[in-house]
Amino acid sequence: MEIFLVVLVLLILIGISNVVNHFIPVVPVPLIQIALGILATFVPGLHHIPLNPELFLLLFIAPLLFNDGKITPRDELWQLRSFILLLALGLVFATVLIAGPFIHWLIPAIPLSAAFALAAILSPTDAVAVGSLSGRVKLPGNIMRLLEGEALMNDASGLVAFNFAIAATVTGYFSLPKAIGSFLVIAVGGILVGAVLGFLVIGIRLQLRRLGMEDVTLHMLIIILTPFIIYWIAEEVHVSGILAVVAAGVTHAIERDRMRRGSARLRVVSDSTWSVILFSLNGLVFILLGLEIPAVLSEVWKDPAYNNGQVIGYILLITAVLIVLRFLWVWSANRHFRDALLTALSGVRGALTLSAAFSIPLTLADRSPFPERSLILFICSGVILVTLIVASALLPLLTRDAKADPHEQEEIERDARVRVLEAGLLAIRSEMNDDNRQEGLGLISFYTHKLQMTKLKNRTDLSDAWKSALDIRLQALQAEKRVAESWLKEGRISPVLAQKFQTSLEKIELMLTTRLKLKKLLILGLAILKRWMRKASKKEKAFDRSHPKWGEYKLLKLEAIQAAILEVKKLETPENRDTVQNIIADYRGMEFQLQNDSKRSESGLDPNIERRELELKAIQAERNEIQTLFEQGEISRTLANTLRMDVNYHEGHVYETLTVHDDEEGH
């Protein structure tokens, strides 16, 4: 029961971390999770969770690296293979050989062999921590791929160097030829074992399918167990389990490409299942890290033998050496100052470093205590925190004003728009039933058309495009208002109807020009006010399709749409052509809905309620996808605002219809 409660609390903390990040997105989720882990140590029963290094690698690092190997583009990794090996092998060993003696010189109480061990576990970047950088920092694509490839490979080299340094410290014996030979056996053997076992698992699954066993649950269970089994087997035969699961992940990526057409349902289930697993494991890694840090810090902090200010200075100096060495190593390879600086600051250390540090034995071969073990753990914890904080603070500043490649920016925006529309389309399909099938099919046709148009359009300057689209949409709304004013002067509509039409357009203006939270408050306030007025007023005939003046409103709206389209066309320039076409497409969609409503009205059908519910669910799905893309760092804040404005505009017209059909009263 106690274990269950501990796991439950940890999972709740993961959820809390994402809620907190939603309100303060400038702080990366890993830092929030580490902070929550530290706070959780004050909860009785949580501060004594032992961190078994071998079990930690098996339960957390193995599946995470397996997934990274499965989703990381192989073509891009192959193109960057020289730089990846330069960092994953060359930089690791250079760090051990340079930072090790520096640590021994800085802290003579740490023997040289132990200093080599400390440098070795500080040398590899953490794959989970590196992945978290993309959530708030938009690094150039080639640098992000380089970091991902490095994180996949450098764990093995760092751990091998660490194990030999620890063995040398414990036994007092070290052989360089033996170390090199063992490294080659461990690394190459891990890759071979992982590849062979990966293809073996794929073969088993293919054979099951040939036997007619297409059960998604069975295949999903095999996929989930694969990284754990392969890591365990690799470690049992004394090769690198880390490289084994990476190699197995790559083989499964090949299998995924081959079976893409024949296993659509399995892909959907696999993606959904892995998203939950990865979400939980990533969060647990950093929360557990936070749980361990206080105990590590307190042991040194309370020991009178250590000067706390001096120990903090050790951490800052060692971190600075690691960053400078990393910068010089990368700069000497490509001579690009900015790329070298970004790569150096992105070298975040994570839970792998601390878990390796916990594997340091308590005693040497002669039963004497391992020299300065507590201090080594303290330094590891400090370097992890400092590298995370430095990356989180400096990388956004260095990448904020960077000019992205225009073609890359166009591709990012197009992909984002496609994903947002696909999210809305998926929501419609999932909510369709026998009662709303016809309305759903109409919306699917509408969304499919927008998807096709989106895939053919590009846009370059997002900031200018956002301002331009907002200005054009507001001018289009003014054109609609002028039509209502003209009809009122000509006596074609009553003042009450004109006022209601103007009010509906003003609500859309609010949605376009206010922040999302303020917009929701306004909508809520308007809804409460309308309900109060409805109760306080006399019961009158609802202003919907059955109302005698509904036809007047519809004719007014259709003419207003035509006026808005003409106004938008006047504003078209070569630079804003795509924006104009998107806005016109929105108006054509509204026009089609009104005209289709007229035809359906003649048959006695009432599609408004069902269509409206489907459309609002699709809109919410689009908004959720935009937030997800932004939180994951796949789109910038400017692009997110642009996409939200389009969704708000769509939602505004839905609320306009909602108001006219359900809430408004008049004659």
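In this text, all values refer to a predicted model and were calculated from it rather than measured experimentally.

Caption draft 1: How the structure looks around the overall build of the protein. Summing up its helical and strand segments, the protein has 25 helices and zero strands in all. Taken over 667 residues, the protein has a buried fraction of 49%. Here the protein displays about 32100 Å² of accessible surface, and carbon together with sulfur accounts for 63% of that area.

Caption draft 2: A nonpolar patch on the surface, seen in detail. Residues Phe-4, Leu-5, Leu-8, Ile-12 and Ile-16 make up a contiguous nonpolar surface patch of about 440 Å² in total accessible area. Its location among the elements puts Leu-5 in helix H1 (residues 2-23).

Caption draft 3: Region of the structure containing unusual backbone geometry. Located in the positive-phi region is His-238, a residue other than glycine, with phi close to 65°. Looking at the secondary structure, you find His-238 in the loop between helix H10 (216-236) and helix H11 (241-258). Backbone geometry at Arg-367 places phi at a positive 75°, although glycine is not the residue there. You can see Arg-367 is positioned in the loop between helix H15 (351-358) and helix H16 (373-400).

Caption draft 4: View of the packing of helix H9 (residues 176-210) against H10. H10 packs onto H9 with a crossing angle of 155° between their chain directions and a minimal axis gap of 10 Å. Here H9 is positioned roughly antiparallel relative to H10, judged by the angle of their axes. Here the hand of the crossing between H9 and H10 comes out right-handed. Where H9 approaches H10, its residues Val-193, Gly-194, Leu-197, Gly-198, Val-201, Arg-205, Leu-208 and Arg-209 are matched on the opposing element by Leu-218, His-219, Ile-222, Ile-223, Thr-226, Ile-230, Ile-233 and Ala-234. Classifying every residue of the contact of H9 with H10 by side-chain character gives 10 nonpolar, four polar and two charged.

Caption draft 5: Region of interest: the packing of helix H3 (residues 53-71) against H10. Running from N to C, H3 and H10 cross one another at 115°; their axes reach a closest spacing of 9 Å. The angle between H3 and H10 places the two elements in the roughly perpendicular class. Note on packing geometry: the crossing formed by H3 with H10 is right-handed. On H10, the residues touching Leu-57, Leu-58, Leu-59, Ala-62, Pro-63, Phe-66 and Lys-70 of H3 are Ile-223, Thr-226, Pro-227, Phe-228, Tyr-231 and Trp-232. Grouping the amino acids of the contact of H3 with H10 by side-chain chemistry returns 11 nonpolar, one polar and one charged.

Caption draft 6: Examining the pattern of salt bridges more closely. Enumeration according to the criterion identifies seven salt bridges in this entry. The salt bridge involving Arg-326 is made with Glu-150; its shortest N-O contact spans 2.7 Å. Linking Arg-326 in helix H13 (residues 308-334) with Glu-150 in helix H8 (residues 141-171), this pair joins segments that are 176 residues apart in sequence. Each member of the pair, Arg-326 as well as Glu-150, carries the same accessibility label: buried. Taking the shortest distance from any N to any O, the salt bridge between Glu-625 and Arg-419 comes out at 3.3 Å. Of this pair, Glu-625 sits in helix H24 (residues 608-631) while Arg-419 sits in helix H17 (residues 406-431); the two residues are 206 residues apart in sequence, bridging distant segments of the chain.

Caption draft 7: Layout of the packing of aromatic side chains. Applying the stated criterion across every chain yields a total of two aromatic pairs. Residues Phe-102 and Trp-105 carry aromatic rings whose centres are separated by 5.8 Å and whose planes lie at 35° to one another, so their mutual orientation is tilted. Remark: Trp-105 and Phe-102 occur in helix H5 (residues 81-106); sequence separation between them is three residues, near one turn of the helix. Plain terms: the ring middles of Phe-327 and Phe-337 are 5.4 Å apart, the flat faces sit at 75° to each other, and that makes the pair edge-to-face. Of this pair, Phe-327 sits in helix H13 while Phe-337 sits in helix H14 (residues 337-345), and the two are 10 residues apart along the sequence.

Caption draft 8: Region of interest: H15. Most of H15 sits inside the fold, with eight of its eight residues counted as buried. When we look at burial in H15, the residues that qualify are Ala-351, Leu-352, Thr-353, Leu-354, Ser-355, Ala-356, Ala-357 and Phe-358.

Caption draft 9: Spotlight on the environment of Ile-428. Its place among the elements puts Ile-428 in helix H17. In this structure, the C-alpha to C-alpha distance between Ile-428 and Ile-444, residues 16 residues apart in sequence, is 7.2 Å. Beyond its immediate stretch of four places on either side in the chain, Ile-428 contacts Gly-440, Leu-443, Ile-444, Tyr-447, Leu-614 and Ala-618.

Caption draft 10: Spotlight on H13. When the terminal C-alpha atoms of H13 are compared, their 40 Å separation across 27 residues agrees well with the 39 Å that a helix rising 1.5 Å per residue should span. Those residues of H13 lying buried are Val-311, Tyr-314, Ile-315, Ile-318, Thr-319, Leu-322, Leu-325, Arg-326, Phe-327 and Val-330. The N-capping residue of H13, defined by a side-chain oxygen 3.1 Å from the backbone nitrogen of Gly-309, is Asn-307. Arg-335 occupies a position one or two residues after H13 and carries a positive phi of about 60°.

Caption draft 11: Structural context of the confidence of the model for the protein. On average, the protein scores 77 in pLDDT, and the residues at 70 or more come to 78%. Helix H21 (residues 516-536) is the least confidently modelled element of the protein, averaging 47 in pLDDT, while H13 averages 92, the highest of any element. Contacts of residues 532-543 to residues separated by more than four positions or lying in other chains number 20 contacts, the stretch itself having pLDDT below 50. Contacts for the low-pLDDT stretch residues 600-607, under 50 throughout, to residues beyond four places or in other chains number nine contacts.

Calculation criteria
Residues numbered from 1 in each chain as written. Predicted model: local features only at pLDDT ≥ 70, side-chain atom pairs only at ≥ 80, totals over all residues. Heavy atoms only, no water. Helix = DSSP H or I, 4+ residues; strand = E, 2+ residues; numbered from the N terminus. Buried < 20%, exposed > 50% of the residue type's maximum accessible area, 1.4 Å probe, protein only. Areas by Shrake-Rupley, 256 points an atom, 1.4 Å probe, with all protein chains shown as cover. Patch = residues over 30% accessible without salt bridge, like charges linked within 9 Å, V, L, I, M, F, W, Y side chains within 5 Å. Salt bridge = Lys/Arg side-chain N within 4 Å of Asp/Glu carboxyl O. Axes fitted to C-alpha atoms, helices over the stretch in contact; angles between N-to-C directions. Parallel < 35°, antiparallel > 145°, perpendicular 65-115°, else oblique. Left-handed = near helix turned anticlockwise from the far one by under 90°. Contact = heavy atoms within 4.5 Å. Nonpolar A, V, L, I, M, F, W, Y, C, P; charged D, E, K, R; others polar. Phe/Tyr/Trp six-rings, centres within 6.5 Å; stacked < 30°, edge-to-face > 60°. Expected span 1.5 Å × (residues − 1). Polar contact = N/O pair within 3.5 Å; in protein donor to acceptor, adjacent residues only side chain to side chain. pLDDT = per-residue confidence, 0-100.

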